[in-house]
Amino acid sequence: MVSRAARKLDHINHALLTGQERTHGFQDVKFIHNSIPETNVDSISLTSQIGELTLSSPIFINAMTGGGGIQTEKINRELAEVAQETGVGMAVGSQMAALKESEQLSSYQVVRKAHPNGIIFANLGSEATVDQAKKAVDMIEANALQIHVNVIQELVMPEGDRDFTGTCNRIEAIVKELEVPVVVKEVGYGMSARTVEILGSLGVSIVDIGGFGGTNFSKIENERRHRRLDFFDDWGITTTCSILEASEANADVDIIASGGMQSALDLAKAIAMGASAGGFAGYFLKQMIDHGQEGLIEEIKAIQTDLRYIMTALQSNTVLALREVPLVISGETYHWASQRGFDVSKLSQRF
């Protein structure tokens, strides 16, 4: 049996080798140009709201790792220091390792130490109990709990879970008992409108749609198998289609877009389609591994600057105003929306 810590390091190494799919669908989304925007860059505000949480910008360092010993503690500390320097929020990886092995605690607690006043999400899988959820939040003084759902990854993982019954009951119990918001996050296979509606009915206030098109955990886990389950490598709903699905859901939830996010343009399109913020994971990890903390800090600040330029071009002084900008959907994203009965023409006919 592979140890939990060794598996965490395997995931990081395979993620860096596999890279991101970049089949998220944002190439199907285009803004309608405004030749006479009545605004200026200095008037742009990047302040954004996810549920009851306020962020200085809609950029979020999404859950990546923890529980892998010294190596993952170093990664989490460096990411948290970057988050502190750039003023962005951050989620830790699954804390189940620390709940089961106390020696892993420091690889998570280092995040709050390095980012004392920032927005931080705790993280557990959907198998977690209410007691474990409370301990995870207390462990890092979290502002919210992210519950990740990763059925496909677990099925491909040689030592993964095989029983997913009771998931909704556990999520509902955690929502009722926790004093912080609960975010349910897909890890890369997207969310349907029906899934979002069910989560909303359980009291979940924020969903992270984790669309197909970024880090492919099926491919990562298949590298660890003797008999590959390749049929899961192309499984899932793209990031753009997942945003449309969540936006069409009859549920009062805020949307975090993730799944292959790499640029300010990806982020602006995601927000214009209905998201409140964007989660960056694999891209930021690679930037930091390749260029160090300073390189990642420069990249995040560049994305913030680029987003201000894009918002200026679109005459959107606030992040929320991007939801009023007209855009055109084409390609596979349009075909998906048509098959699912979503009227995307209303996005192109905004004025």
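Just above, that's the structure.
A short tour of the structure in this document, coming up. Keep in mind it's a predicted model, so treat the numbers as computed, not measured.

Calculation notes
- Residues numbered from 1 in each chain as written.
- Predicted model: local features only at pLDDT ≥ 70, side-chain atom pairs only at ≥ 80, totals over all residues.
- Heavy atoms only, no water.
- Core = buried A, V, L, I, M, F, W, Y, C linked by side-chain atoms within 4.5 Å.
- Buried < 20%, exposed > 50% of the residue type's maximum accessible area, 1.4 Å probe, protein only.
- Helix = DSSP H or I, 4+ residues; strand = E, 2+ residues; numbered from the N terminus.
- Contact = heavy atoms within 4.5 Å.
- Lys, Arg positive; Asp, Glu negative; His and termini not counted.
- Salt bridge = Lys/Arg side-chain N within 4 Å of Asp/Glu carboxyl O.
- Phe/Tyr/Trp six-rings, centres within 6.5 Å; stacked < 30°, edge-to-face > 60°.

## Let's talk about the nonpolar core
- In terms of nonpolar packing, the biggest core is built from 87 residues, with Ile61, Val184, Val207 and Phe284 touching the most fellow members.
- When residues of this core are assigned to their parent elements, the largest contribution, 11 residues, is made by helix H12 (residues 282-313).
- Excluding residues within four positions of it along the chain, phenylalanine 284 makes contact with Ile59, Ile61, Leu296, Ile300 and Ile303.

## Considerations on the side chain of lysine 269
- With respect to the helices and strands, the residue lysine 269 is situated in helix H11 (residues 264-273).
- Of the buried charged residues, lysine 269 lacks a salt bridge, with aspartate 266 as the closest side chain of opposite charge at 5.8 Å.

## A short note on unusual backbone geometry
- For glutamate 141, which is not glycine, the phi torsion reads 50 degrees and is therefore positive.
- Here glutamate 141 is to be found in the loop between helix H5 (130-140) and strand S7 (144-149).
- Its relative accessible area of 58% is what places glutamate 141 among the exposed residues.
- At glutamine 315, a residue that is not glycine, the phi angle is positive and equals roughly 55 degrees.
- Tracing the sequence through the fold places glutamine 315 in the loop between H12 and strand S12 (327-329).
- Relative accessible area serves as the criterion here: at 37%, glutamine 315 is assigned to the partly exposed category.

## Some remarks on the packing of aromatic side chains
- Applying the stated rule across the entire model yields 5 aromatic pairs.
- For the pair phenylalanine 232 and tryptophan 235, a centre-to-centre distance of 5.1 Å together with 70 degrees between the ring planes defines the contact as edge-to-face.
- Residue tryptophan 235 is classed as partly exposed on the basis of its relative accessible area, which comes to 44%.
- With centroids separated by 4.8 Å and ring planes inclined at 10 degrees, the aromatic side chains of phenylalanine 280 and phenylalanine 284 adopt a geometry described as stacked. Phenylalanine 284 shares its class with phenylalanine 280; the two are buried.
- Put simply, the rings of Phe231, Phe232 and Trp235 pair up and form one aromatic cluster.

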